[in-house]
Amino acid sequence: MKRLIAGSTLFIALAAGADCPDNLAYPQAPDFSSLQGKSATFEQIATARRITRDYMRDVELYLACVPRSYSVQYDQLVWSVAEARRVYNLQLREFKARQLEVLAIN
């Protein structure tokens, strides 16, 4: 279901034809190598969430502005978004599991 929603969101963004800035940069994937859900604070998880959403928005804009003839680049960006979401969600699950353990102890 989540993949369907994400795919639909990308399709709608592409179909809408976003206003393309002249200096559109290739979106850089977030680096979550230092994010550890087992020891992260709420602020770190919230920041990672914002970074992931911003990256997804930047990729949608970029893909809406780049011709579809760049299919390899398109595929790489779609994979990169999926990977960023996967890593964030994994760390979020670990964070939530730790929060539940703390609640269970108290």
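Residues numbered from 1 in each chain as written. Predicted model: local features only at pLDDT ≥ 70, side-chain atom pairs only at ≥ 80, totals over all residues. Heavy atoms only, no water.

(A) Expanded view of the packing of aromatic side chains. Per the stated rule, a full pass over the model turns up 1 aromatic pair. Taking 5.4 Å as the distance between ring centres and 80 degrees as the angle between the ring planes, the aromatic pair formed by Y26 and Y62 counts as edge-to-face. You can see Y26 sitting in the loop between helix 1 (2–16) and helix 2 (42–65) and its partner Y62 sitting in helix 2, a full 36 residues away along the chain. Relative accessible area serves as the criterion here: at 34%, Y26 is assigned to the partly exposed category. Classification of Y62 by relative accessible area gives buried; the value is 10%. (Phe/Tyr/Trp six-rings, centres within 6.5 Å; stacked < 30°, edge-to-face > 60°. Helix = DSSP H or I, 4+ residues; strand = E, 2+ residues; numbered from the N terminus. Buried < 20%, exposed > 50% of the residue type's maximum accessible area, 1.4 Å probe, protein only.)

(B) Focus on the state of the cysteines. Taken as a whole and judged by the stated rule, the model has 1 disulfide. Between C20 and C65 runs a disulfide, and the two sulfur atoms are separated by 2.0 Å. Taking the sign of the torsion about the S-S bond as the criterion, the disulfide between C20 and C65, at about -100 degrees, is left-handed. Residue C20 is located in the loop between helix 1 and helix 2, and its partner C65 is located in helix 2; the two are separated by 45 residues in the primary sequence. A relative accessible area of 21% places C65 in the partly exposed class. (Disulfide = S-S within 2.5 Å.)

(C) Looking closely at helix 3 (residues 71–105). If you check helix 3, its first and last C-alpha atoms are 51 Å apart, about what 35 residues at 1.5 Å a residue would give, namely 51 Å. Three or more residues of helix 3 are buried, namely L77, S80, V81, A84, R85, Y88, Q91, L92 and F95. (Expected span 1.5 Å × (residues − 1).)

(D) Structural context of the side chain of S80. Tracing the sequence through the fold places S80 in helix 3. Residue S80 is classed as buried on the basis of its relative accessible area, which comes to 14%. With sequence-adjacent residues up to four places away left out, S80 is seen in contact with A29 and Y55. (Contact = heavy atoms within 4.5 Å.)

(E) Spatial organisation of the confidence of the model for the chain. Considering every residue of the chain, the mean pLDDT works out to 81; 80% of them sit at 70 or more. Ranking the elements of the chain by mean pLDDT puts helix 1 last with 50 and helix 2 first with 92. Residue range residues 11–16 is modelled with pLDDT below 50. Its contacts to residues more than four positions away, or to other chains, number 8 contacts. (pLDDT = per-residue confidence, 0-100.)

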